[in-house]
Each structure stands twice: as structure tokens, then as C-alpha cells.
Amino acid sequence: FLGNKIDVFIKNAAAVTAGNSFLASYALNYNKNVTILPTVVDTNYYVDYSEKYSNNDTFTIGWIGSVSTCQYLTELILPLEKLGIILNVRLVIVGGSAPDISNIEIVEIPWSIDTEVSIIKDFDVGVMPLFDDEWSRGKCAFKLIQYMACGVPVVASRVGENIQLVSEECGFLVSNDTEWLNALLSLCKDSDKRTLMGKASRERIVEKYSLQAHAST
């Protein structure tokens, strides 16, 4: 009964804001007054930790999400199992549960607003795997924005808003198991690269995806 209510709302609205270009193009079918307003974070709260990288014995890969988005972690099973044969890998899952992945350590942590920044700062890399479907193309890359605001380099599926957000200076966009593995290996082996990408990530969020940059628009 209510399946088409969003289209009606969009059509009758005086103006529409959309979180990314994919959503904006959909809204434009019903309303010509559409503005893209990306997801933003307060960069005074998400502090820059890009200088903290060192050559640790264990490479920490982090993901933050929810029970409903854990399904995307299946994209990481094969690349992480292969990576775990080569080096010591810890996968930190915040707000959800991981699938069965051999050869690595898995740590699951409940999400809390009070601890999320302190947890993210200990990631060597933040990841955002997605399926390439319409639902995923409508997502606004909030995980990546959180990681990058804290100065953490990223590896993400080449889908939707991820493509607009992640430049080659900030991290890697990947499309298959081999690209996932190679990207993570590249970051693991080069702490200087992680630092430089972390700095670039922070700068990109401050400039394009921060509350401070958009508060006056």
C-alpha cells in the first residue's frame, strides 16, 4: 500500500536533498529541485590519527557497521584467508559479527558512541566491502568517511559513492578477490604509504565531507 510513497513525497516536495549522485538522479525523475548533500562528520570529534602508524607484528583491518550490513563481509572471506597465510592479520568488527574466515584473528566489539573513535584509531586500514547492486549504489559511504576522518587509509568496493569518495591518494578501490588481496598487501608492507594515505584521507574529509565545510551551505 505504501510502496510508492517516496516517489509521491519527492514529487510534492518544495526541494529534495540527496546523499549522493545515484540518489539524486533518481529524485530528479520526480522533482527538478534536487541538491546533493553528502553525509558529513564533525572533524573536531573524529580526530586525526594518521601519524600513529608503525610496523606492528599484526596487521589490523577494521570494519564498523551493524547486523544488517554484516552480509557484505562475505566479500572478504577469500582474500583474508589468503592474506592470513602470508602474515598475521586481525579483523576487528564493530557492531556486528564476522563470517567464518580461516587463518586470521577475529575480534568482535559492540558499537558505542563513546568508544568508536578510540577503536577506529587503532585500525591499520578501514574496509567497506559491498555487493554491486542498486541498494549498495544508494549507500553514502559513511564507514569510509569515519575511517578517513580519523586519518585511516581505506580499501573499498568499487561501487556507488565509494568511487566518488576514495581517490588514489586515500586508498584503493577494488572489484574482485585478487584486487582486495593486493591492496591489503600493499598497505601492510608499507607503513609510510599508510601514513601518507591516512593524511590524504583526513584532508579529503575536512575539505569535502565535514560538518564544518557544509554547515553554511
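Look up: the structure comes first, before these words.
A brief structural summary. Everything numeric in this text was worked out from a predicted model, so none of it was measured.

1. A word on the packing of aromatic side chains
Part 1 of the argument: Tallied over the entire structure, the rule returns four aromatic pairs.
Part 2 of the argument: Ring centres of Phe123 and Tyr147 lie 6.0 Å apart, and the angle between their planes is 70 degrees; on these two criteria the pair is classed as edge-to-face. One end of the pair, Phe123, is in the loop between α4 (116-120) and β6 (125-128); the other, Tyr147, is in helix α6 (residues 142-149), with 24 residues separating them in the sequence.
Part 3 of the argument: A residue is classified by how much of its surface remains accessible, and Phe123, at 1% relative accessible area, is buried.
Part 4 of the argument: Among the residues examined, Tyr147 registers a relative accessible area of 0% and is labelled buried.
Part 5 of the argument: Positioned above the aromatic ring of Tyr49 is the side chain of Lys121, whose terminal nitrogen or guanidinium carbon lies 5.9 Å from the ring centre.

2. Here we look at unusual backbone geometry
Part 1 of the argument: Residue Asn103 is not a glycine yet carries a positive backbone phi of 75 degrees.
Part 2 of the argument: Within the fold, Asn103 resides in the loop between β4 (89-94) and β5 (105-109).
Part 3 of the argument: The class of Asn103 is partly exposed, set by a relative accessible area of 47%.

How each quantity is defined
Residues numbered from 1 in each chain as written. Predicted model: local features only at pLDDT ≥ 70, side-chain atom pairs only at ≥ 80, totals over all residues. Heavy atoms only, no water. Phe/Tyr/Trp six-rings, centres within 6.5 Å; stacked < 30°, edge-to-face > 60°. Helix = DSSP H or I, 4+ residues; strand = E, 2+ residues; numbered from the N terminus. Buried < 20%, exposed > 50% of the residue type's maximum accessible area, 1.4 Å probe, protein only. Lys NZ or Arg CZ within 6 Å of the ring centre and 35° of its normal.

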